[in-house]
Amino acid sequence: MFDLQEMLPRQACHSIPLLLSFCAFILGKPGIAAGEPVLMRGELDFIQKTATVRFISGTEHHAVFQVRPVSDSSIQILAELDNWPVRLFNISTVLEASLNMVPDGEAGPGYSGQLRSRNVLFNKKPLDDISARFVFKNQAVFIERLSWGNCVMSGTWEWARPHRFRLSAEFADVPLYDLVSLFMDVPRDVVEGASAGKIRLSGNDPDVKLQAEVFLTNGCIGDLEYRQLRLKGEGVFPKFRITDSFVSQADGLTFKVAGLLNLARLDKIPQQLRSLRRKPVVRSSGMETEWTLKRIESDDKSGTTELKYLYRRKENINTMSDEDVDMIGVEQKLKF
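Rules used throughout
Residues numbered from 1 in each chain as written. Predicted model: local features only at pLDDT ≥ 70, side-chain atom pairs only at ≥ 80, totals over all residues. Heavy atoms only, no water. Helix = DSSP H or I, 4+ residues; strand = E, 2+ residues; numbered from the N terminus. Buried < 20%, exposed > 50% of the residue type's maximum accessible area, 1.4 Å probe, protein only. Contact = heavy atoms within 4.5 Å. Areas by Shrake-Rupley, 256 points an atom, 1.4 Å probe, with all protein chains shown as cover. Salt bridge = Lys/Arg side-chain N within 4 Å of Asp/Glu carboxyl O. Pairing = 2+ DSSP bridges. pLDDT = per-residue confidence, 0-100. Core = buried A, V, L, I, M, F, W, Y, C linked by side-chain atoms within 4.5 Å. Polar contact = N/O pair within 3.5 Å; in protein donor to acceptor, adjacent residues only side chain to side chain.

A. Looking closely at the overall build of the protein. In terms of helices and strands, the protein carries four helices and 20 strands. Relative to its 336 residues, the protein shows a buried fraction of 36%. Counting only contacts in the protein whose residues sit at least 6 apart along the sequence, the fraction spanning at least 24 positions is 37%. With the model as given, the accessible surface of the protein reaches about 19,600 Å², and the carbon-plus-sulfur share is 53%.

B. Highlighting the pattern of salt bridges. For the structure shown, the criterion picks out eight salt bridges. The salt bridge involving E43 is made with R54; its shortest N-O contact spans 3.6 Å. One end of the pair, E43, is in strand 1 (residues 38–45); the other, R54, is in strand 2 (residues 50–57), with eleven residues separating them in the sequence. Exposure remark for E43: the relative accessible area of 43% places this residue in the partly exposed category. E213 is the partner of R230 in a salt bridge, and the nearest nitrogen-oxygen pair spans 3.8 Å. Here R230, found in strand 14 (residues 224–236), pairs with E213, found in strand 13 (residues 207–221); they are 17 residues apart in sequence, far enough to count as distant.

C. A look at the pairing of strand 8 (residues 130–137). Relative to strand 9 (residues 140–148), strand 8 runs antiparallel, the two being bridged by eight bridges. Counted as the bridge partner of F134 is I143 from strand 9.

D. Structural view of the confidence of the model for the protein. Confidence in the prediction of the protein, expressed as mean pLDDT, is 76, and 70% of residues score 70 or more. pLDDT under 50 marks residues 1–12. Its contacts with residues more than four places away, or in other chains, come to 25 contacts. Here residues 316–320 is a poorly scored stretch, pLDDT under 50, and it has two contacts once near neighbours within four places are set aside; other chains count.

E. Summary view of the nonpolar core. Counting residues in hydrophobic clusters, the biggest one holds 60 residues, and the most contacted among them are I221 and L273. When near neighbours in sequence (up to four residues on either side) are disregarded, I221 contacts L176, V190, L216, Y226, L229, I269, P270 and L273.

F. Main features of the environment of Q139. The residue Q139 is located in the loop between strand 8 and strand 9 in this model. Between the alpha carbons of Q139 and E158 there is a distance of 6.1 Å; along the sequence they are 19 residues apart. Setting aside residues up to four positions removed in sequence, Q139 forms contacts with E158, W159 and A160.

G. Highlighting unusual backbone geometry. With an omega of 10°, the peptide bond running from F237 to P238 counts as cis. Note that P238 resides in the loop between strand 14 and strand 15 (239–249). A positive phi angle, close to 65°, is found at K124, a residue other than glycine. With respect to the helices, strands and loops of the structure, K124 is situated in the loop between strand 6 (108–122) and strand 7 (125–126). Note on K124: relative accessible area 67%, which makes it exposed. Notably, D173 is not glycine yet its phi reads approximately 55°, a positive angle. Topologically, D173 is positioned in strand 11 (residues 164–175). Looking at D173, the relative accessible area reads 61%, which means it is exposed.

H. A look at the side chain of S195. Mapped onto the secondary structure, S195 falls in strand 12 (residues 191–204). For S195, a relative accessible area of 1% gives the class buried. At a separation of 2.7 Å, a polar atom in the side chain of S195 contacts the main-chain carbonyl oxygen of V174. Other than its neighbours up to four places away in sequence, S195 contacts F171, A172, D173, V174, L176, L179, F215 and L216.

See the structure below:
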């Protein structure tokens, strides 16, 4: 007979369910993407005072999590993911996390922690490392800040059913090719340009609400060339309904765009973009209606030049003046 609490510190015993929760958070819904059952094995090393959990899905997907108490109030977790399927991609990386116990709440002790990654591969493509600050408490993880290259994220995730979550991300100056190549193999000259924007995910799987505003500059998607392309909208993933968006083509011609994208068919995105409805950019106020025909931004982004068609409605049809005729004008806007 032996007493587990005598052989392992109290913190290590408390950390075992936390380790399983950490595994669930990192792995998401294991096996779903691979379409294969997941085997789980656990080990306790009483000499080294460590707990280890191994996950195996098929012959190609492996994940190992190990927890080691550092003191009565802190633990370390090491995770190694080998080609692990998570939703739309497979991930390989080494994660190192440190957790510190915070005072007990109504639901028990909580933990604040930090996480860093090494050797990150998404779909076998190398990416920038990840660093994060987070808190585990009340059967949920709160991501205070997650930094990944030029992307910053925050959010919450509850591991009790129905697994509600919220995630917000902002990014800037991310090459569009780097983003698209995570999910599909495309030649570099097929997808070009810089991307920036905001993305928000919320709900509970499988009902994930997506809200996004993405701004692309000076590039192309297939044979669609653009100076500026703004896609704004929302939907239940993978459906994304575009509203209040526009495209300014390489020759300066500008249109509003609207329609529906199926993000589950990323290989068809160029065709989907071409099929979006296009309308002229029109603004009406009082007695004037204004159409923007062309919109060209200077290379140094200090201003834009717009070619517009302006129509002024006559207040008195019996009078004639310069104010009564249609006009085409050029307007230049400078940024300060």
